[in-house]
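What the coordinates show
These are the residues of each chain, in order.
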Amino acid sequence: MGGIDDRYEEAAEAREVREAREAGETGGVAEAPPEPLLSAALAVEAGRAAPLREPDRREILAEARRLRGRRTGTVVALGALAVAGIGAGAALLGDGSTTRTTTASGAVAVASPPPSHFVPRGWPTTTAVPTPPQATVSTPPKYVTGTPWASLPPGASGGPPVPPALYATEDAASAVGWGIRADIFTNIWFLPERSVVRVYITDMARQGEFLADMRAKLPTLDDRMVEFAQGARSKTACEAEMQRLPMTASGLPFRMFSGSANIECSELTVGVDDPSAAQAYFDDPAHGFTGTGIAVRAVPGQPVHQLADEVPPTGSARP
Amino acid sequence: MGDRGQALDALVAARGQALKRYAYLMSGDDDTADDLVQEALTRALARRVVPGDPRELERYVRRIVVNLAVDAGRRRTRWWRLVPRVASRGEAADGAVAVVERLSLADALAGLPPRQRACVVLHYYEDLPVAEVAELLDVGPGTVKSQLHDARRTLARTWATPEREPADLKGEV
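The residue numbering used here restarts from 1 in each chain and proceeds along that chain's sequence as written. Chains carry letters and ligands carry numbers; both start at the beginning, A for chains and 1 for ligands, and go up in the order they are written. Given that this is a predicted model, residues contribute local features only at a pLDDT of at least 70 and side-chain atom pairs are listed and counted only at 80 or more, while totals for whole chains, interfaces and linings are drawn from all residues. Heavy atoms throughout the structure, all of them, feed into the side-chain values; hydrogens and water do not.

**Side note on the pattern of salt bridges**
Proximity of charged atoms lets side chains of opposite charge pair with each other. Residues and elements named next belong to chain A. Just so we agree on the cut-off: By definition here, a salt bridge exists when the distance from a side-chain nitrogen of Lys or Arg to a carboxyl oxygen of Asp or Glu is within 4 Å. Segments assigned H or I by DSSP are reported as helices when at least four residues long, segments assigned E as strands when at least two residues long, and all are numbered from the N terminus. Throughout this description, buried means an accessible area under 20% of the type-specific maximum (1.4 Å probe, protein chains only), exposed means over 50%, and partly exposed covers the range between.
All told, the structure shown has 21 salt bridges over all chains when counted by the stated rule. For Arg-198, the salt bridge is made with Glu-227, and the minimal N-O distance between the two is 2.8 Å. In this pair, Arg-198 sits in strand 4 (residues 196-201) while Glu-227 sits in strand 5 (residues 226-230), placing the two residues 29 residues apart along the sequence. Among the ionic pairs, Glu-267 bridges to Arg-297, the shortest N-O distance being 3.2 Å. You can see Glu-267 sitting in strand 7 (residues 267-272) and its partner Arg-297 sitting in strand 8 (residues 295-300), a full 30 residues away along the chain. For Glu-267, a relative accessible area of 25% puts it in the partly exposed group. One salt-bridge network, in which partners are shared between bridges, spans Arg-181, Asp-183, Arg-206, Glu-209 and Asp-213.

Right under this line is the structure:
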């Protein structure tokens with residue numbers, strides 16, 4: 001939609017310019033002002049600006065945090081939705097019933113870390129979001145917290161208050177993980193209820209190095225806010241593997257709609273129209289998906305047309 | 001958040017007023033400029049990784065300011081395009097009068113389309129070469145040149161430049 005608006009605006013702007021030109025040609029345009037004169041006048045004009053109103057530091061930092069959280073939250077929500085959808089699809093295929101097959105999608109997200117979702121480059125106009133479980137549920141979903149999030153005051157909808165130091169810890173872990181320790185970095189899992197940031201790395205023997213680099217970024221780092229967990233492959237390797245999936249290939253015995261990696265990057269789950277054919281394809285060493293350290297599991301999935309012209313969700317935000 | 005807080009404090013202390021002047025030229029209004037700066041700071045600090053180099057952070061904030069200003073200008077343009085349809089004849093701006101009146105630079109700038117205004121400020125005030133302006137606005141250098149050309153022609157028609165102000169005003173009043 002934004003694209004249409006942009007084109008409309010550009011066309012309107014071009015029309016204005018054309019009209020201005022025409023008006024100028026008929027009205028006898030004076031010589032354009034000399035450049036130094038214009039520069040000097042602009043400098044004078046800029047000097048008329050009143051002193052900058054003291055920026056609301058607290059508001060800026062809180063809003064920036066909220067914006068970052070919203071981006072992460074979108075990915076997490078889509079991941080949870082995908083997990084729930086895949087689960088519902090698998091259950092439906094298993095017993096053929098149309099009764100309630102799963103709990104609310106939020107419960108899935110709480111029970112286990114969501115996968116990092118991705119859409120490969122060159123993905124066409126459909127996205128890879130499996131059917132949500134609500135499609136097969138006749139009763140309204142229950143809220144995990146018992147209170148609809150929309151009814152909570154701002155800032156209270158994410159659970160207990162998060163200490164700012166935890167965000168700083170997450171920032172430091174992210175900067176180190178995407179930066180100098182990208183070779184061992186797998187993922188980050190934010191656990192505000194325990195005031196802990198869990199960092200997945202492939203080499204647990206090097207957690208001391210990782211922590212030292214985090215401390216270099218954040219001298220006030222509290223070690224108790226960081227815990228390490230074993231990751232299967234690095235984020236870089238995991239993303240490279242995901243990009244290798246034949247999302248847009250033709251001539252395959254199945255169609256592929258979705259893909260996600262678990263948080264340790266030990267397994268990719270792909271949503272397809274024919275899981276057995278797809279599994280056979282991925283298990284065939286000739287196709288290069290075996291022996292990589294990342295298993296590929298095919299589950300039933302189905303395409304959903306993209307309703308908004310936004311960038312498709314990706315696995316995790318890059319700095 | 002400590003890093004972000006420090007980056008914010010350092011940038012505002014060192015370059016706050018420069019950013020304000022820049023936003024003021026882009027928007028033409030003090031309050032809007034304050035809002036632009038605050039919004040741009042917020043968005044810059046919402047990045048996953050905030051640049052450690054203050055100059056880099058400032059460059060990023062300036063880029064956000066110009067994009068916000070152009071977007072806001074477009075929204076305003078869309079609104080003013082509708083005004084003649086919702087206002088009576090007397091209330092609507094009279095284009096013919098606007099053409100012959102000689103305006104202050106602020107008012108003349110306000111008459112430019114948002115992208116032309118951005119080009120003028122970036123090129124003539126910020127002293128950025130055409131290539132950098134093009135990169136900032138995500139358009140081609142040719143587009144920037146044509147926008148600058150058109151903007152200068154429009155300013156020549158509307159702006160009462162200091163040298164010619166008395167003569168022109170004498171003739172028109």
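**With respect to the side chain of Arg117(B)**
Quick note on the threshold: A residue counts as positive if it is Lys or Arg and as negative if it is Asp or Glu; His and the chain ends are not included. Pairs of N or O atoms are called polar contacts if they sit within 3.5 Å, as long as, within protein, a hydrogen donor faces a hydrogen acceptor (for residues adjacent in sequence, only side-chain-to-side-chain pairs). Note on contacts: a residue pair qualifies if any of its non-hydrogen atoms lie within 4.5 Å across the two residues.
Mapped onto the fold, Arg117(B) is located in helix 6 (residues 114-125). The buried charged residue Arg117(B) lacks any salt bridge, with Glu45(A) as its nearest oppositely charged partner at 6.9 Å. Of the polar contacts made by the side chain of Arg117(B), one reaches the backbone oxygen of Leu25(B); its length is 2.7 Å. Setting aside residues up to four positions removed in sequence, Arg117(B) forms contacts with Tyr24(B), Leu25(B), Met26(B), Ser27(B), Gly28(B), Leu109(B), Ala110(B) and Leu112(B).

**Side note on the pairing of strand 7 of chain A**
All names here are of chain A. Our working definition: Strand pairing is assigned whenever DSSP detects at least two bridges linking the two strands.
With respect to burial, strand 7 is a largely interior element, 5 of its 6 residues being buried. Inspection of the sheet shows strand 6 (residues 256-261) paired to strand 7 by 5 bridges, in the antiparallel sense. Bridging from a neighbouring strand, Met-256 pairs with Val-272 of strand 7. Here strand 6 folds back onto strand 7, and the loop between the two strands holds 5 residues, one of which, Cys-265, carries a positive phi near 60°.

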